[in-house]
Amino acid sequence: MRTPRKAASARGRGEACASGRVRAHPSKWIMDVCGDVESLELATTARERLRGMLFRDPDDVTRLLIPCHDIHTFGMRYPLDVAFISRDGCVLEVHRNVATMKRISHKEASLVAERFSRDGDWLKKGDVIHIGSAKRD
């Protein structure tokens, strides 16, 4: 079980998180939480945020809804893991295995990370995320 970490410096030096290794690549995004890196899909338009996970089959991608502080699971076929995140990347609240027909929100959140629910570690309250484009191979 992971423990909460301190925020990394702007350049990713001197703290536990070192996300300075991220390089620009316009079509592939990642989320780095102290070295644990996940594929990320950004949902930045109203249409993308509204659709979210609706009509999708389970996959390994985390979707980041920007801006967002309120989500629902009406019409979803699978449970979700949801994390509310502040503007500076601090995880404010995490809900695991959210069933269908639910609505949850966090008034201080600016972003919401969501993925199809699965076992294992994920984000924890107090984690700080860093978002960047994946480096080219």
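Looking at the confidence of the model for the protein chain
Detailed conclusions should not be drawn from predicted coordinates in areas where pLDDT is low. Of the residues in the protein chain, 77% reach a pLDDT of 70 or more, and the chain-wide mean stands at 78. Predicted confidence for residues 1-27 stays below pLDDT 50, and this span has 54 contacts to residues more than four positions away or in other chains.

Let's talk about the sheet that holds strand β8 (residues 111-116)
The seven strands are arranged β6-β5-β8-β3-β2-β1-β9 in an open sheet whose pairing can be described as mixed. A strand with exactly one partner marks an edge of an open sheet, and here the two such strands are β6 (91-98) and β9 (130-133). Across the sheet, the axes of successive neighbouring strands diverge by a mean angle of 30°, strand direction being ignored. Bridge count for strand β5 (residues 80-85) against β8 is six bridges, and the pairing is antiparallel. Of the residues in β8, the one forming a bridge with V82 is E114.

With respect to unusual backbone geometry
With an omega of -15°, the peptide bond running from I66 to P67 counts as cis. Along the chain, P67 falls in the loop between β3 (62-65) and β4 (70-72). Positive phi is not limited to glycine here, since F55 has a value of about 65°. Tracing the sequence through the fold places F55 in the loop between α1 (46-51) and β3. Positive phi is not limited to glycine here, since N97 has a value of about 55°. Examined against the element boundaries, N97 turns out to sit in strand β6.

About the thresholds
- Residues numbered from 1 in each chain as written.
- Predicted model: local features only at pLDDT ≥ 70, side-chain atom pairs only at ≥ 80, totals over all residues.
- Heavy atoms only, no water.
- pLDDT = per-residue confidence, 0-100.
- Contact = heavy atoms within 4.5 Å.
- Pairing = 2+ DSSP bridges.
- Helix = DSSP H or I, 4+ residues; strand = E, 2+ residues; numbered from the N terminus.
- Axes fitted to C-alpha atoms, helices over the stretch in contact; angles between N-to-C directions.

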